[in-house]
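# Structure at a glance
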Amino acid sequence: MRKTCFLFALLIGLSACTAEEEKPAGEDLQRADNVTIFESKDSQHKWLLRADSVDFDNLNSAVLHNPHLLLRENGQDSAEVSGKSGTFDYTKKLVSIEGKALVKSFTENVTLATERFFYDVDKDRIWSDQKTTITRGTANITARGGIETDSKLLKIEFKKQSTQLPADLKEVQGVRP
């Protein structure tokens, strides 16, 4: 059922494709505007990938323009990954989002920022391989080697970390002076 919903969404996206008006010489690009690709389980979306436009000219992956990956937990929005561009590899079920990429957790009130994030659909895992800044309130942590977390952002693994402490300890949740 899950694969059926995913394939159905992909087919809808592909059927909406039209030849791009300004084609580079010798290339036939297929582009669709306002595309949504998703996966469902138990009649609820697990994740939704939206993009202003998608190029489907490659049989293995799609090129995303202004992508927004909405991650859901128990029917509620839990986090969003966004950036300027990205790709979706159909066979590996791997999403990459690049260009001032951000992850915003709605449940944990945390923002992650880097140049590129990856999301593995099957493993429900988000990671970066470059300098990533984690912000909660006024506390900032920089993971120089990137981060790795699940889509809930409950446990974030930092790679090569440095920390900037807030000026007021009251700004750090759970700390009492």
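Owing to the predicted nature of the structure, the values given are computational and were not obtained by experimental measurement. (Residues numbered from 1 in each chain as written. Predicted model: local features only at pLDDT ≥ 70, side-chain atom pairs only at ≥ 80, totals over all residues. Heavy atoms only, no water.)

## Some points on the layout of surface pockets
- Considering only enclosed or pocket space, the second largest pocket measures out at about 270 Å³ in volume.
- The wall of the second largest pocket is formed by 15 residues, among which His45, Lys46, Arg72, Glu73 and Asn74 lie closest to the centre.
- Taken together, the elements giving at least two residues each to the lining of the second largest pocket come down to strand S3 (44-55) and strand S5 (68-73).
- Element by element, the count of residues in the lining of the second largest pocket is highest for S3, at four residues.
- Broken down by class, the residue content of the lining of the second largest pocket amounts to four nonpolar, five polar and six charged. (1 Å grid on protein atoms, 1.4 Å probe; cavity = no way out; pocket = protein on both sides within 12 Å on 5 of 7 lines; lining within 4 Å. Points joined across faces, edges and corners; volume = space filled by probe spheres on them. Helix = DSSP H or I, 4+ residues; strand = E, 2+ residues; numbered from the N terminus. Nonpolar A, V, L, I, M, F, W, Y, C, P; charged D, E, K, R; others polar.)

## Here's the deal with the pattern of salt bridges
- The tally for this structure, following the rule as stated, stands at eight salt bridges.
- Across the pair Arg72 and Asp77 runs a salt bridge, and its minimum N-O distance is 2.6 Å.
- In this structure Arg72 comes out as partly exposed when scored by relative accessible area, which is 24%.
- A relative accessible area of 35% places Asp77 in the partly exposed class.
- Where Asp122 meets Lys93, a salt bridge forms, and the shortest distance between an N and an O atom there is 3.5 Å. Of this pair, Asp122 sits in the loop between strand S9 (110-120) and strand S10 (125-127) while Lys93 sits in the loop between strand S7 (85-89) and strand S8 (94-105), placing them 29 residues apart in sequence.
- For Lys93, a relative accessible area of 11% translates into the label buried. (Salt bridge = Lys/Arg side-chain N within 4 Å of Asp/Glu carboxyl O. Buried < 20%, exposed > 50% of the residue type's maximum accessible area, 1.4 Å probe, protein only.)

## A word on unusual backbone geometry
- One non-glycine residue with positive phi stands out, namely Lys93, at about 50 degrees.
- Phi angles above zero are rare outside glycine, and Leu153 is one such case at about 60 degrees.
- With respect to the element layout, Leu153 can be found in the loop between strand S12 (139-150) and strand S13 (156-164).

## Here's the deal with the packing of aromatic side chains
- In this structure the tally under the stated criterion is three aromatic pairs.
- In textbook terms, an aromatic cluster arises when at least three aromatic residues are bridged by ring pairs, as seen for Trp47, Phe88 and Tyr90.
- Cation over ring: Arg125 sits above Trp127, and NZ or CZ is 3.9 Å from the ring centre. (Phe/Tyr/Trp six-rings, centres within 6.5 Å; stacked < 30°, edge-to-face > 60°. Lys NZ or Arg CZ within 6 Å of the ring centre and 35° of its normal.)

## Focus on the pairing of strand S2 (residues 30-41)
- Across ten bridges, S2 lies against S3 in antiparallel orientation. In the strand pairing of S3, Ala32 is matched with Val54.
- Connecting S2 to the next strand, S3, in antiparallel fashion are two residues, including Asp42 with a positive phi near 55 degrees. (Pairing = 2+ DSSP bridges.)

## Concerning the environment of Arg50
- Looking at where Arg50 falls in the secondary structure, it is placed in strand S3.
- By relative accessible area, Arg50 is classed as partly exposed at 43%.
- Other than its neighbours up to four places away in sequence, Arg50 contacts Val35, Thr36, Asn66, Pro67, His68 and Leu70. (Contact = heavy atoms within 4.5 Å.)

## Things to note about the pairing of S12
- Two strands pair when backbone bridges link them, and S10 and S12 are joined in this way by three bridges, in the antiparallel orientation. Bridge assignment links Ile126 to a residue of S12, and that residue is Thr149.
- Hairpin connection of strand S11 (residues 132-136) to S12: two residues between the antiparallel strands, including Gly137 at a positive phi of 65 degrees.

## Points about the nonpolar core
- Residues Trp47, Phe88 and Leu112 are the most contacted members of the largest nonpolar core, which totals 31 residues.
- Going through the elements one at a time, S2, S3, strand S4 (61-65), S5, strand S6 (76-82), S8, S9 and S12 are the ones with two or more residues in this core. (Core = buried A, V, L, I, M, F, W, Y, C linked by side-chain atoms within 4.5 Å.)

## A word on the confidence of the model for the chain
- Looking at the chain, pLDDT values average 82 and 77% of them are 70 or higher.
- Contacts of residues 14-21 to residues separated by more than four positions or lying in other chains number 15 contacts, the stretch itself having pLDDT below 50. (pLDDT = per-residue confidence, 0-100.)

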